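Reading the structure
Chain by chain, the residues:
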Amino acid sequence: MKPSPTTVQYILSHFYWFWDMVNNSFLRDVFMRLVLTVRSHLIPSPPTYNTKYGYLNWESYYNTSYYTRILPPVPEDCPLPMGTKGKAVLPEPKVLVKRFFKRKKFRPDPQGTNLMFAFMAQHFTHQFFKTDKGVEGGFTKALGHGVDASNIYGDNLVRQLQLRLLVDGKLKYQLINGEIFPPTTDEVPVYMQYPKSVPPEQRLAIGHEVFGLLPGLTMYATIWLREHNRVCDILKAEHPTWDDEQLFQTTRLIIIGEIMKIIIEEYVQQLSGYRLKLKFDPALLFEEQFQYGNRIALEFNHLYHWHSLMPDSFLINGTEFTYSQFLFNTSILTHYGVEKLVEAFSRQPAGQIGGGRNSHESLLIISEKVIEESRTTRMRPFNEYRKKFNLKPYASFSEFTDDVKMARGLEELYGDIDALEFYPGLLLEKTQPGSIFGPSMIEMGAPFSLKGLLGNPICSPDYWKPSTFGGETGFDIIKTSTLKKLVCLNTKWCPFVDFHVPPNEEPGEQTTPPPEL
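A brief structural summary. (Residues numbered from 1 in each chain as written. Predicted model: local features only at pLDDT ≥ 70, side-chain atom pairs only at ≥ 80, totals over all residues. Heavy atoms only, no water.)

**Section: the overall build of the protein chain**
Put simply, the test is: Numbering goes from the N terminus for both helices and strands, where a helix is a DSSP run of H or I of at least four residues and a strand is a run of E of at least two. Using C-alpha atoms as the atom set, the radius of gyration is obtained and then compared with a globule rule of 2.2 Å times the number of residues to the power 0.38. A simple rule labels every residue: compare its accessible area, found with a 1.4 Å probe on the protein chains alone, to the largest value its type can have, and call it buried under 20%, exposed over 50%, or partly exposed in between. Two residues form a contact once any of their heavy atoms are found within 4.5 Å. In short, Shrake-Rupley with a 1.4 Å probe defines the accessible areas, and a residue's cover is counted only from the protein chains shown. Only four residue types enter the charge count: Lys and Arg as positive, Asp and Glu as negative, with His and the chain ends excluded. The atoms used to mark charge sites are NZ of Lys, CZ of Arg, CG of Asp and CD of Glu.
Helix and strand counts for the protein chain stand at 21 helices and four strands. For the protein chain, whose C-alpha radius of gyration is 23 Å, the value lies close to the compact-globule estimate of 24 Å for 517 residues. For the protein chain, the spread of C-alpha atoms along the three principal axes comes to 65 × 55 × 50 Å. Put simply, the protein chain has 517 residues, and 58% of those count as buried. For the protein chain, long-range pairs separated by at least 24 residues make up 73% of all intrachain contacts whose partners lie at least 6 apart in sequence. A total of about 22,100 Å² of accessible surface is found on the protein chain, and carbon and sulfur atoms cover 55% of it. Averaging the locations of the 54 positively and 57 negatively charged side chains of the protein chain gives two centres separated by 3 Å.

**Brief notes about the pattern of salt bridges**
Basically, it comes down to this: The salt bridge criterion pairs a side-chain nitrogen of Lys or Arg with a carboxyl oxygen of Asp or Glu, the two atoms within 4 Å.
Per the stated rule, a full pass over the model turns up 25 salt bridges. Across the salt bridge formed by Arg347 and Glu343, the nearest N and O atoms sit 2.6 Å from each other. Separated by four residues within a single helix, Arg347 and Glu343 lie in helix 13 (residues 331-347), roughly one turn from each other. Residue Arg347 is classed as partly exposed on the basis of its relative accessible area, which comes to 27%. Here Lys387 makes a salt bridge to Glu384, at a shortest N to O gap of 3.0 Å. In this pair, Lys387 and Glu384 are both assigned in helix 15 (residues 382-388), three residues apart and thus about one turn of the helix distant.

**Examining the state of the cysteines**
Put simply, the rule reads: Note on terminology: disulfide denotes any pair of cysteine sulfur atoms within 2.5 Å.
Here the structure, examined in full by the defined rule, presents one disulfide. Between the sulfur of Cys488 and that of Cys494 lies a disulfide, 1.7 Å long from S to S. Residues Cys488 and Cys494 are joined through a disulfide that is right-handed, its torsion about the S-S bond being 55°. Taking relative accessible area as the criterion, Cys488 reaches 21% and is therefore assigned partly exposed. Cys494 gets classed as partly exposed once you look at its relative accessible area, which sits at 41%.

**Quick word on the environment of Glu92**
Relative to the assigned elements, Glu92 resides in the loop between helix 4 (58-62) and helix 5 (93-100). Linking Glu92 and Glu136, residues 44 residues apart in sequence, is a C-alpha distance of 19 Å.

**Thoughts on the side chain of Ser367**
Spelled out, the test is: Here a polar contact is taken to be a pair of N or O atoms separated by no more than 3.5 Å, where protein atoms must pair a possible hydrogen donor with a possible acceptor and residues adjacent in sequence count only if both atoms sit in side chains.
Summarising the element assignment, Ser367 is placed in helix 14 (residues 364-376). The exposure class of Ser367 is buried, given its relative accessible area of 1%. Of the polar contacts made by the side chain of Ser367, one reaches the side chain of Tyr423; its length is 3.4 Å. Apart from residues lying up to four places away in sequence, Ser367 is in contact with Val97, Phe101 and Tyr423.

**Observations concerning unusual backbone geometry**
Here the amide bond leading from Ser45 into Pro46 is cis, since omega sits at 10°, within 30 degrees of zero. Inspection of the secondary structure assignment puts Pro46 in the loop between helix 3 (27-40) and helix 4. The backbone of Arg357 shows a phi angle near 50°, a positive value even though the residue is not glycine. The residue Arg357 is located in the loop between helix 13 and helix 14 in this model. For Arg357, a relative accessible area of 16% translates into the label buried. A positive phi angle, close to 55°, is found at Arg378, a residue other than glycine. Position of Arg378 among the secondary structure elements: in the loop between helix 14 and helix 15.

**Re the environment of Asp168**
For Asp168, the position within the fold is in the loop between helix 8 (157-163) and strand 1 (174-176). By relative accessible area, which is 30% here, Asp168 ends up partly exposed. Apart from residues lying up to four places away in sequence, Asp168 is in contact with Cys232, Lys236, Asp244 and Leu247.

**Quick look at the packing of aromatic side chains**
Think of a pair of aromatic rings as described by two things: how far the centres are apart, and how the planes are tilted against each other in angle. Going by this rule: Any pair of Phe, Tyr and Trp rings, taking the six-membered ring for Trp, is counted once the centres come within 6.5 Å. Such a pair is stacked with planes under 30 degrees apart, edge-to-face with planes over 60 apart, and tilted for the rest. As a reminder, the over-ring test applies to NZ of lysine and CZ of arginine, requiring each to be within 6 Å of the ring centre and within 35 degrees of the ring normal.
Throughout the structure, instances matching the rule amount to 42 aromatic pairs. When the centroid spacing of 5.9 Å and the interplanar angle of 55° are considered together, the rings of Phe389 and Phe448 count as tilted. Of this pair, Phe389 sits in the loop between helix 15 and helix 16 (397-400) while Phe448 sits in helix 19 (residues 439-454), and the two are 59 residues apart along the sequence. What makes Phe389 buried here is its relative accessible area of 2%. Of the residues examined, Phe448 reaches a relative accessible area of 6% and is grouped as buried. Judged by centre distance (5.5 Å) and plane angle (10°), the ring pair of Phe469 and Phe475 falls under stacked. Summarising the burial analysis for this pair, Phe469 and Phe475 share the class buried. Three or more aromatic residues joined by ring pairs form one cluster here, namely Phe117, Phe124, Phe128, Phe129, Tyr267, Phe300, Tyr304, Trp306, Phe389, Phe437, Phe448 and Phe499. Taking NZ or CZ as reference, Arg226 lies 5.1 Å from the ring centre of Phe181, over its face. If you follow Arg386 out to its NZ or CZ, it ends over the ring of Tyr394, 4.1 Å from the centre.

Here's what the structure looks like:
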């Protein structure tokens with residue numbers, strides 16, 4: 001009698017009248033609790049496997065320098081790369097991504113997802129996705145395995161102290177035309193990955209070393225810097241006897257809470273397509289059997305490479321920027337200001353993730369690297385993960401995709417649907433009608449996301465109370481936080497801000513050349 005995951009997704013994303021009734025009654029809490037428990041229980045806790053071990057052992061649990069694994073690796077003594085099915089040689093990653101990932105024409109997400117969402121996806125996930133490229137075998141450099149705001153504060157104590165003002169709990173900043181922006185690396189000499197061509201005054205010092213790459217990431221870093229210092233002022237007024245350390249640490253807890261509130265109620269809401277109004281309320285799980293703690297899985301890391309979101313160019317205040325003009329150009333932020341970037345990114349559509357053939361040419365190399373890493377770590381076939389997450393395995397490539405040419409090409413390269421790799425499977429799977437991606441991405445991604453968010457220590461009964469956050473005032477900042485409030489409380493004027501493009505609006509023609517910045 002239990003409905004299939006596909007049926008559940010259909011019910012959750014249709015029947016507006018029913019969900020309108022649910023969202024305005026006690027049933028909202030009932031359904032939200034059900035969503036959280038059903039999804040979270042799919043993720044093993046404590047963790048089970050890692051790349052080195054295909055059986056339960058202490059190292060897989062204790063050594064947090066590994067990503068954990070949902071399924072053990074393909075045994076090394078298997079006759080074929082993907083086990084017992086498929087061809088003796090897997091297709092070249094470069095051939096694979098060029099044929100099936102490369103964009104021919106930009107395909108916007110039919111759910112209306114925008115660049116404000118796309119940059120949040122990158123900014124948010126880079127606090128716990130930090131693959132150690134210097135070591136083969138699924139290792140992570142992240143000290144935390146969840147939402148710890150290390151992308152704002154740095155992932156170690158030395159970097160954190162360099163970024164802190166050490167007065168009233170605040171972070172260091174610079175003023176440009178009277179507005180707060182991150183300081184430069186001359187003022188705060190933390191390691192940042194800037195090319196030598198970037199002038200010193202444009203090298204902003206941020207919690208994460210790669211966030212100077214895109215103005216969208218630098219924009220979010222600036223917003224969270226301003227929000228941190230704003231909350232410090234509120235706590236200082238509430239607790240005039242608190243020292244710098246207590247103000248900083250309590251503000252960080254509040255910021256983590258704000259992040260999770262916005263991610264669940266607006267970001268995941270946009271992604272899911274659910275008509276059920278999602279709710280961030282840790283107390284919903286206090287009577288449930290739930291383990292607080294999380295380990296980031298290698299599968300979750302690979303699943304979250306959503307580079308198809310990126311457009312062909314970036315449209316800001318009537319000006320079009322190419323990738324070469326946009327990358328590592330922090331002057332775009334300081335020239336236009338946070339408000340105009342938020343407005344622009346909220347109005348520009350992001351690309352559809354699923355269905356294949358929608359990745360910008362300059363980003364194909366990243367997909368190649370993901371596929372290469374999946375082979376180094378011997379990840380199981382896509383259909384094995386379908387079964388793990390209670391989905392029916394595909395019987396053929398023609399069932400997997402509606403694109404006849406793609407189905408024939410994949411069959412030619414892999415030989416058997418049971419040999420299709422995990423990451424290509426997720427990105428090339430046919431999308432559901434009107435959806436940003438296929439059913440596998442939803443059914444596999446949601447459990448990782450919800451377990452990682454609700455498994456955070458601040459969601460536990462011992463933490464989730466006013467005293468943890470400096471009293472009712474701090475607790476209320478979390479409970480009432482929204483994306484719009486986050487932006488508008490930290491800007492001179494309130495721009496249009498959302499994770500969804502405005503209804504019935506198409507971006508206008510952008511012909512103005514970029515200004516000299």
